Amino acid sequence: SFTAMTLGLLVFFKYMDFLADSVNRILGTHVPMVQIALPVGISFYTFQIMAYVIDVYRGRIPAEQSLLRLGTYLTMFPQLISGPITNYADVRVALGRERTIKARQLEEGMKLLIIGLAAKVVIADRIGTLWNSIRMIGFDSISTKLAWMGAFAYSLQLYFDFAGYSMMARGIGKMLGFELPVNFRYPYISKSVTEFWRRWHITLGRWFREYVYIPLGGNRKGKARTFFNLFVVWSLTALWHGANYNFLIWGGILLCCL
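Remember, predicted model here, so these are calculated numbers, not experimental data.

## Some points on the pattern of salt bridges
Throughout the structure, instances matching the rule amount to 10 salt bridges. Among the salt bridges present, the one from Arg206 reaches Asp90, with a minimum N-O distance of 3.3 Å. Taken together, the residues Arg206 in helix α8 (residues 202-216) and Asp90 in helix α4 (residues 88-95) connect sequence positions 116 residues apart. Arg206 gets classed as buried once you look at its relative accessible area, which sits at 17%. For Asp90, a relative accessible area of 31% translates into the label partly exposed. Among the ionic pairs, Glu179 bridges to Lys174, the shortest N-O distance being 2.8 Å.

Spelled out as structure tokens, the structure:
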């Protein structure tokens, strides 16, 4: 199917080297690495394409008859590289002729763009210099205080970089007449890991809930099946963030904390 082909391209570009390395480590073989450049933003627009096809198949939305409008949705530049992951239903009306751009939208969009740009350039990039300096020194050569400072700096850099870009995307989208979904709601004020994940990368969590967790049965088939479904979701979420065993460990830790 088209969905399988789309997912296959993502697996090929993003995970083939990881899979080949894993096979070589386990079986002692010498499967060659692909070593091909990863297309920019492939995870985001792949998930959007899959969501569109699945929603049309389920009858949630009508199939788009205009190739231009469908192409605009799939290649919408404000959120193409780092999200937020936008379902077709979020922008279907705005893609038609009914879209209007008012002065207030331009004002609000510009405000979001400026705040997001400041978060990315002024905060994230500047804090990132500290983290890069610590990496250059080497983790074996730094003090405990500097290690904690580096961990704190990296957590702030990660948040302001990602959240700032999402705000920029929403701002540009608003100026063009599109209401893109909110992707972050102050996750660092969360009182639990569960609340943190509901506030962090909201559209990714929504995607996995609607297209993986619920189709697997959600929490409707007993505790054992619920745990299995959560295990699948968090394993895929971890791999989505990066093709590395560190991310799988991260996903397992979060699963245990939920």
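Resuming the write-up.
## Looking at a nonpolar patch on the surface
On the surface, Leu7, Val11, Phe12, Met16, Leu19, Val34 and Ile36 cluster together into a nonpolar patch covering about 490 Å² of accessible area. By the element assignment, Phe12 lies in helix α1 (residues 2-27). By relative accessible area, which is 34% here, Phe12 ends up partly exposed.

## A few points about α1
Note on helix geometry: an α-helix contains 3.6 residues per turn, so any two residues three or four positions apart are oriented the same way. For α1, which comprises 26 residues, the first-to-last C-alpha distance of 33 Å sits more than 12% below the rise-based estimate of 38 Å (1.5 Å per residue). Of all the bends in α1, the greatest, near 65°, is centred on Tyr15. Every buried residue belonging to α1 is among Thr3, Thr6, Leu10, Lys14, Tyr15, Phe18, Ala20, Ser22 and Asn24, and all of these are buried. A positive backbone phi angle near 70° is found at Gly28, which sits one or two residues after α1.

## Focus on the side chain of Gln105
Along the chain, Gln105 falls in helix α5 (residues 103-137). For Gln105, a relative accessible area of 15% gives the class buried. Those residues in contact with Gln105, other than ones at most four positions away along the chain, are Thr100, Lys174, Met175, Gly177 and Glu179.

## Some details on α5
With 35 residues, α5 ought to run about 51 Å at 1.5 Å a step, and its terminal C-alpha atoms sit 50 Å apart, in line with that. When the local axis directions of α5 are compared, the greatest deviation, roughly 30°, occurs at Ala124. Buried within α5 we find Gln105, Gly109, Leu112, Leu113, Gly116, Ala119, Ala124, Gly128, Trp131 and Ile134. Of the surrounding secondary structure, the elements contacted by the buried residues of α5 are α6 (144-175).

## Quick look at the environment of Phe178
Mapped onto the elements of the fold, Phe178 is located in the loop between α6 and α7 (193-199). When the C-alpha positions of Phe178 and Val93 are compared, they lie 9.2 Å apart, and in sequence the two are 85 residues distant.

The rules behind the values
Residues numbered from 1 in each chain as written. Predicted model: local features only at pLDDT ≥ 70, side-chain atom pairs only at ≥ 80, totals over all residues. Heavy atoms only, no water. Salt bridge = Lys/Arg side-chain N within 4 Å of Asp/Glu carboxyl O. Helix = DSSP H or I, 4+ residues; strand = E, 2+ residues; numbered from the N terminus. Buried < 20%, exposed > 50% of the residue type's maximum accessible area, 1.4 Å probe, protein only. Patch = residues over 30% accessible without salt bridge, like charges linked within 9 Å, V, L, I, M, F, W, Y side chains within 5 Å. Areas by Shrake-Rupley, 256 points an atom, 1.4 Å probe, with all protein chains shown as cover. Expected span 1.5 Å × (residues − 1). Bend = angle between axes of the 7 residues up to and from the residue. Contact = heavy atoms within 4.5 Å.

Interpretation note: all reported values are geometric properties and have no functional meaning in isolation.
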